[in-house]
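# Descriptive analysis of the structure
These are the residues of each chain, in order.
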Amino acid sequence: MEKLIQKYNDKLFKHGLTERDEPLIGTLDAEIIWNKTNKTTNILEKLFKTLNINSIIFSEPAEPYKTIIEYLTKTSSGIIYPEDCETRTFLHELPYTKNFDVQTITNILKERKSLIIPGHGIITFGTVSPEQAFVTFSSVCFAVYIKFFSDYLEHKKHRTITNEEEKTFNKIALMINPYPEFSFSLMKGPFSKEKVYKALNEAGKITVKSKLVDSYFGNISYLIDNIIYISQTGSSLDELDGYIDTCPIDNSSCAGITASSELSAHKQIYLDTDNTAILHGHPKFSVILSMDCNQQNMCKYKNQCHTKCPYKRFVNDIPIVPGEVGTGPYGLYKTIPSAIKGKRGVIVYGHGAFTACKKDFNEAFNNLLSIEKMCKQEYFKRANI
Amino acid sequence: MFGWCGKILKIDLNSKKYDILNPDINILKKYIGGKGLAGYYLKDHITLNWHDPDMPLIFFTGPLVNTISPTSGRMTIMSKSPLTGTIGDSSVGGSFGFSLKKAGFDGIIITGKSFDPCGIEINNKNITFTNASSLSDLTVNEINNLIRDKGSTAAVGPAAENGVLFSNIVIDNHYFAGRNGLGLLFSSKGLKYITVKGTEKTKIYNKESLKKARQDIFRLTFASPVLMGELGISNFGTAALYDLIDNRRMMPTDNFRKTHFNNACLMNAHIYKKKFNPKKQGCLGCHILCKYITEDGSSIPEFETMSHFSALINNNNISVVMEANKICNEMGMDTISAGATIACYIEILNKKLSGSDIISILKKIGYAKGIGNELRKGAFRFAESKGKSESAITVKKLELPAYDPRGALGMALAYATSTRGGCHLRSYPISHEILRKPVSTDRFAFSGKARIIKIQEDLNAIIDSLTACKFIFFAATLEEFSKVYTSITGIETSAQDLLKIGERIYYNERIMNSLNGFTKKDDDLPSRFFKYPGTSGNNIDIPPINRTEFIKTLENYYKIRGLDINGIPTKEKSKELELEWKN
Ligand SMILES: [Zn+2]
């Protein structure tokens, strides 16, 4: 458990979610272990007594999340509703409270996976591993970021911006780091069965490093001889060593039952196109722009955009399609393959971007990065900045 | 009343009379249903012999059953296990639970003993007792053909009549209340079958919020690779696990002397699907549908069955697996115990058996003939009678299923602490140790596992009480199911409140076992796992389990569960959980 505490303490910092060594992380097996003690540990320790959980993360988020959360909690009442589909599926809603007392915290965490306490931080927990607490923490940060920028654009368009919102936006805009340049080369394909693991690893790492995914969401695959080499469900794109599943395209082995929930989408792309490499991430501005639609108010599918959007939508040359994770009736495996043909990539409404190419990951990564850069530019254009 | 019917059918087979109990709402809130309520009604009788006519045989549904709640078509059957002497409960699918609620009952409690073989037929409020003498010796399938017009069915086959300690109660011909020999107890009461049908609706407190909660759960299940994925159990049945478990080097082979089966890739789910072309079915009220049935009405074996009738007994013939599964189902006996008992027999005999030998032995077990009369008592009793106890791979006399504990140390602890003996379903650590849900944990570490196992036992206890299917929790959580519960019953609750009730239900089982003398010495694994390694390979090392660490983790578990150092429930913890403490 000590090793896991250290791991997620480091990861929170590395992903830009908290300041270095800011998080308070506790785990409980037979005894409680904290990474450090202060007056808050006394309060949080009581949560372990009342809740059937085994780990807690409590931390003030890093900027710009801190400022965003301060703003959102000031302007919404009790609960923040995330806009993006992924967070909605897994977290449903983001409750907050101004009362930093055990009873209030307990009551909210009895029902939800996270709690925001403005001015103090975010509390998340796990029932089997601190990894759950980390993922939830990261998802909360992602969700508030998407929500803030989406709302801002919406308010700007309808001229309902408040001074406070404008001020917050200007402050945050200065905090956003530019995306890196792709000035190097990834491994050159086509890959052999031996080399493919290294290539997937390398491309996964660079995707995370370039901040094109949040926490571990995102996936990657490569096709050799009708076998899909794909990242496992819930694996971190920057830690793929040992977490690649092999799935024969004819389903002749189920050993890849632990493969990414997007296996069906990857498979369908391989079946319908001549690509051999696929990369999927959740770049923030691609997600934000995918939800910016002028038809929304008069559309009969309002509020069902993520499943039923009837329009052919684009950001410049990149199609935006509806679709849900997995194999359901609105599965994105039905919408992406036809849309991605002849394109640099596809953005899934409120979710993320897929890129596919032949040979190796150079083009796939370059496209994911350039789509996100384009979306960011387009965002500021639409917001008239 | 919302959710529950508020009525329990109490049947006395001595007099062939019945009564209706109206449980207090506080009892319902405290134990919910399924195994929670069944355990509550079992507790006062648990020290009786299993074959005592006063020992109750209990069927319970839960408040979610007969509603649109996802995977709600399940129920629990519970009593004392003839095989293990522990509490014996089994969560079972099919449509019996739905039909029972439709007839207006949350559960049935049966005591007494009928002089002649009898059947019970429930049609709404009409309860009829029939003479079932003519059904003796018939297979489950044959019985079912005669009674299925009368509604959903529960029946026992020849195995139960012939004293097989691991005989099942079979629901709707294809769903098995297995593992603990409850079929034998059913038969000991002179019962041959029960049928049930009805027309009542379960009252829902808030239909709109129920619909929303259901939608939230659906979205999660569709996003789950294990459930609805390309290679998941909806597409292949639980057989989908076969490749994975072998690939992770934890497929019990040659009676747990190896953990890798060379022939696995030729006997996997894909090959069954290709060869037998089965159609998808499932429990009532489920959208996952993990049951596969062929045109001639045979079930494709579940993962455990597939594994034990191939790797464990070293059989390379897929048709023998199908046939063995069919015989067990028609005889009404547990496939895991049957496979493991034969594996134990092979080890002691020290000779390979042919496919036809295996089929012939299974029939002999079902009819208690020849060697079958010895093997019908299960691996533990058989090995002990031959002076070879070490060849019985059991915990509390229950044969272990198809996950070698050397390949998942949480599973090692969970086998030991399970209240019904060597069972994988109490905590199902395979979920995080192998299937990566809700996130993955290190399968070769004991660190942190004591608390995880305890929490997951509480979780599964509440799932079996609501009732829902454990599989759906690969995707959904109590966060969503607490909304379902509140929408149906109108009772405000939360994920953590439900988990606390799960803790009470599980502790109650621990109390019952302690009353029958179970202590720390019973919470242990066969010595083989501590002495010998599994089959390493594929860059995976499978060493023996470190006994010192195992014991330390078990002791941590006791501390976390609120048991004393001997694994006995305490007065203080019982009080905290509002349970009556007995000693
Ligand atoms: Zn995604």
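Residues numbered from 1 in each chain as written. Chains lettered and ligands numbered in written order. Predicted model: local features only at pLDDT ≥ 70, side-chain atom pairs only at ≥ 80, totals over all residues. Heavy atoms only, no water.

### Describing the overall build of chain A
Note the following rule: Labels follow the DSSP assignment, with helices taken as runs of H or I lasting at least four residues and strands as runs of E lasting at least two, numbered in each case from the N terminus. Radius of gyration here uses only the C-alpha atoms, and the compact-globule reference equals 2.2 Å multiplied by the residue count raised to the power 0.38. For each residue, the accessible area found with a 1.4 Å probe, counting protein chains only, is set against the maximum for its type, and the residue is called buried under 20%, exposed over 50%, and partly exposed in between. Whether two residues are in contact is decided by their heavy atoms: any pair within 4.5 Å suffices. Methods summary: accessible areas were calculated by the Shrake-Rupley approach with a probe of 1.4 Å, and residue burial reflects only the protein chains presented. The charge count includes Lys and Arg as positive and Asp and Glu as negative, but it does not include His or the ends of the chains. Taken as the charge centre is NZ of Lys, CZ of Arg, CG of Asp or CD of Glu, depending on the residue.
Helix and strand counts for chain A stand at 13 helices and 15 strands. The C-alpha radius of gyration computed for chain A amounts to 21 Å, which stays within 12% of the reference 21 Å derived for 385 residues, consistent with globular compactness. Going through the 385 residues of chain A one by one, you find that 63% of them count as buried. Contacts in chain A between residues far apart in sequence, at least 24 positions, make up 63% of those at least 6 positions apart. As displayed, chain A has an accessible area near 15300 Å², and 49% of this comes from carbon and sulfur atoms. The centroid of the 46 positive side-chain charges in chain A is displaced by 4 Å from the centroid of its 43 negative side-chain charges.

### Here's the deal with the coordination of the zinc ion
All names here are of chain A. Here is the rule: Only nitrogen, oxygen and sulfur atoms qualify as donors, provided they sit within 2.8 Å of the metal or within 3.2 Å for Na, K and Ca; with water excluded from the atoms, sites may seem incomplete.
Every protein donor of the zinc ion is listed here as H280 (NE2), H282 (NE2) and H351 (NE2), and their distances to the metal cover 2.0 to 2.2 Å. Counting along the primary sequence, the residues that act as donors to the zinc ion give the motif H-x1-H-x68-H. In this structure, H280 and H282 share a single accessibility class: buried.

### Some details on a negative patch on the surface
Residue and element names in this part refer to chain A. Put simply, the test is: Residues forming no salt bridge and having over 30% relative accessible area are the ones grouped into patches, like charges within 9 Å of each other and nonpolar side chains (Val, Leu, Ile, Met, Phe, Trp, Tyr) within 5 Å. Salt bridges are counted wherever a side-chain nitrogen of Lys or Arg sits within 4 Å of a carboxyl oxygen of Asp or Glu.
There is a patch of like negative charges on the surface, built from E19, E22, E63 and E70. Examined against the element boundaries, E70 turns out to sit in helix α3 (residues 65-75). By relative accessible area, E70 is classed as partly exposed at 34%.

### Topic: the confidence of the model for chain B
Note the cut-off: Confidence of the predictor at the level of single residues is given by pLDDT, which spans 0 to 100.
Looking at chain B, pLDDT values average 96 and 100% of them are 70 or higher. Of the two predicted TM-score estimates for the complex, the pTM is 0.95 and the ipTM is 0.91.

### A short note on the interface of chain A and chain B
We apply this condition: Buried area: the accessible surface (1.4 Å probe) lost by two parts on joining, summed over both. Whenever two N or O atoms come within 3.5 Å, that pair is a polar contact, provided that in protein one can donate a hydrogen and the other can accept it, and provided that, for residues adjacent in sequence, both atoms are side-chain atoms. Ten residues, namely Ala, Val, Leu, Ile, Met, Phe, Trp, Tyr, Cys and Pro, are considered nonpolar, four, namely Asp, Glu, Lys and Arg, are considered charged, and the remaining ones, Gly among them, are considered polar.
Taken together, the contact between chain A and chain B spans 57 residues of the former and 56 residues of the latter. Taking both partners together, chain A and chain B bury about 4500 Å²; carbon and sulfur atoms supply 52% of that area. Counting across the interface, chain A meets chain B through eight salt bridges. Note that K113 of chain A and E479 of chain B form a salt bridge whose closest N and O atoms lie 2.8 Å from each other. Counting across the interface, chain A meets chain B through 28 residue pairs in polar contact (both at pLDDT 80 or more). Per element, the largest residue contribution to the side of chain A that touches chain B is five residues, and it comes from helix α4 (residues 85-91) of chain A. When the residues that make up the side of chain A that touches chain B are grouped by side-chain class, the tally is 21 nonpolar, 24 polar and twelve charged.

### Some points on the pairing of strand β1 (residues 8-12) of chain B
Residue and element names in this part refer to chain B. Spelled out, the test is: Note on pairing: DSSP must find at least two bridges between two strands before they are called paired.
Pairing analysis gives five bridges linking β1 to strand β6 (residues 107-111), with the strands arranged parallel. Of the residues in β6, the one forming a bridge with I8 is G107. Here five bridges tie β1 to strand β2 (residues 17-21), and the two strands are oriented antiparallel to one another. Bridge pairing links I11 to Y18 in β2. Hairpin connection of β1 to β2: four residues between the antiparallel strands, including K16 at a positive phi of 55°.

### Side note on the pattern of salt bridges
All names here are of chain A. A complete count under the given rule lists 58 salt bridges over all chains for this structure. In this structure, the salt-bridge partner of K11 is E239, at a minimum N-O distance of 2.5 Å. With a gap of 228 residues between them, K11 in helix α1 (residues 2-14) and E239 in the loop between β9 (227-231) and β10 (244-248) connect regions that are remote in the sequence. Note that D292 is salt-bridged to R382, the shortest N-O span being 2.7 Å. With D292 in the loop between α10 (284-290) and α11 (305-308) and R382 in helix α13 (residues 361-382), this pair connects stretches of sequence that are 90 residues apart.

### Notes on the domain arrangement of chain A
All names here are of chain A. The test is simple: What fixes the domain bounds is an automatic or database domain assignment.
Domain annotation of chain A identifies domain 1 (2-173) and domain 2 (196-383). Taking the mean C-alpha position of each, domain 1 and domain 2 sit 26 Å from one another. Contacts between the two partners involve 27 residues from domain 1 and, on the opposite side, 29 residues from domain 2. For the pair domain 1 and domain 2, the number of links is five salt bridges. If you look at where domain 1 meets domain 2, you find seven residue pairs in polar contact (both at pLDDT 80 or more). At the level of elements, α1, α4, α6 (130-157) and α7 (163-175) are the ones that each hand at least two residues to the side of domain 1 that touches domain 2. Ranked by the residues each element gives to the side of domain 1 that touches domain 2, the list is headed by α6, at 14 residues.

### Here we look at helix α13 (residues 318-331) of chain B
All names here are of chain B. Put simply, the rule reads: By definition here, a helix of n residues has an expected span of 1.5 Å times n minus one.
Over its 14 residues, α13 runs 20 Å from end to end, which matches the ideal 20 Å to within 8%, given 1.5 Å per residue. By the criterion of burial, α13 is predominantly enclosed, with ten of the 14 residues buried. Buried within α13 we find I318, V320, V321, M322, A324, N325, I327, C328, N329 and M331. By the N-cap criterion, in which a side-chain oxygen at the helix start approaches the backbone nitrogen of a residue two or three places on, α13 is capped by N317, the distance to S319 being 2.9 Å. Where α13 ends, the next residue or the one after it, G332, has phi of about 80°, a positive value.

### Considerations on the environment of I116 of chain A
Residues and elements named next belong to chain A. If you trace the backbone, I116 turns up in strand β6 (residues 114-117). Looking at I116, the relative accessible area reads 1%, which means it is buried. Distance in space between the C-alpha atoms of I116 and T73 is 8.5 Å, their sequence separation being 43 residues. The contacts of I116, once residues within four sequence positions are left out, are I69, T73, I80, L94, P95, Y96, T97, G121, I122 and V140.

### Concerning the side chain of D458 of chain B
Mapped onto the elements, D458 of chain B comes out in helix α20 (residues 449-466). Overall, D458 of chain B belongs to the buried group, its relative accessible area being 0%. Not counting the four nearest positions on each side in its chain, D458 of chain B is found in contact with N52 of chain A together with L499, G502, E503, Y506 and R561 of chain B.

### What about the side chain of S114 of chain A?
Residue and element names in this part refer to chain A. Mapped onto the secondary structure, S114 falls in strand β6. Exposure remark for S114: the relative accessible area of 1% places this residue in the buried category. If we skip the residues at most four places from it in the chain, S114 touches L94, P95, I108, L109, I123, T124, T136 and V140.

### Details of unusual backbone geometry
Omega for the bond connecting G189 of chain A with P190 of chain A falls within 30 degrees of zero, at -5°, which places this linkage in the cis form. The peptide bond linking L466 of chain B to T467 of chain B adopts the cis configuration, its omega dihedral lying at -10°. Structurally, T467 of chain B is set in the loop between α20 and α21 (478-489). One non-glycine residue, H92 of chain A, lies in the positive phi region at around 65°. Mapped onto the fold, H92 of chain A is located in the loop between α4 and β5 (94-95).

### Remarks on the sheet that holds strand β9 (residues 152-155) of chain B
All names here are of chain B. Formally: Axes, fitted as lines to C-alpha atoms, cover a helix only where it is in contact. Angles between the N-to-C directions of the axes lie from 0 to 180 degrees.
If you trace the six strands from one edge of the open sheet to the other, you get β8-β7-β12-β9-β10-β11, paired in mixed fashion. In this open sheet, the two edge strands, each paired with only one partner strand, are β8 (126-131) and β11 (175-177). Direction aside, the axes of adjacent strands within the sheet are offset by 20° on average. Where β9 and strand β12 (residues 191-197) come together, four bridges link them in antiparallel fashion. Bridge pairing links A154 to I194 in β12.

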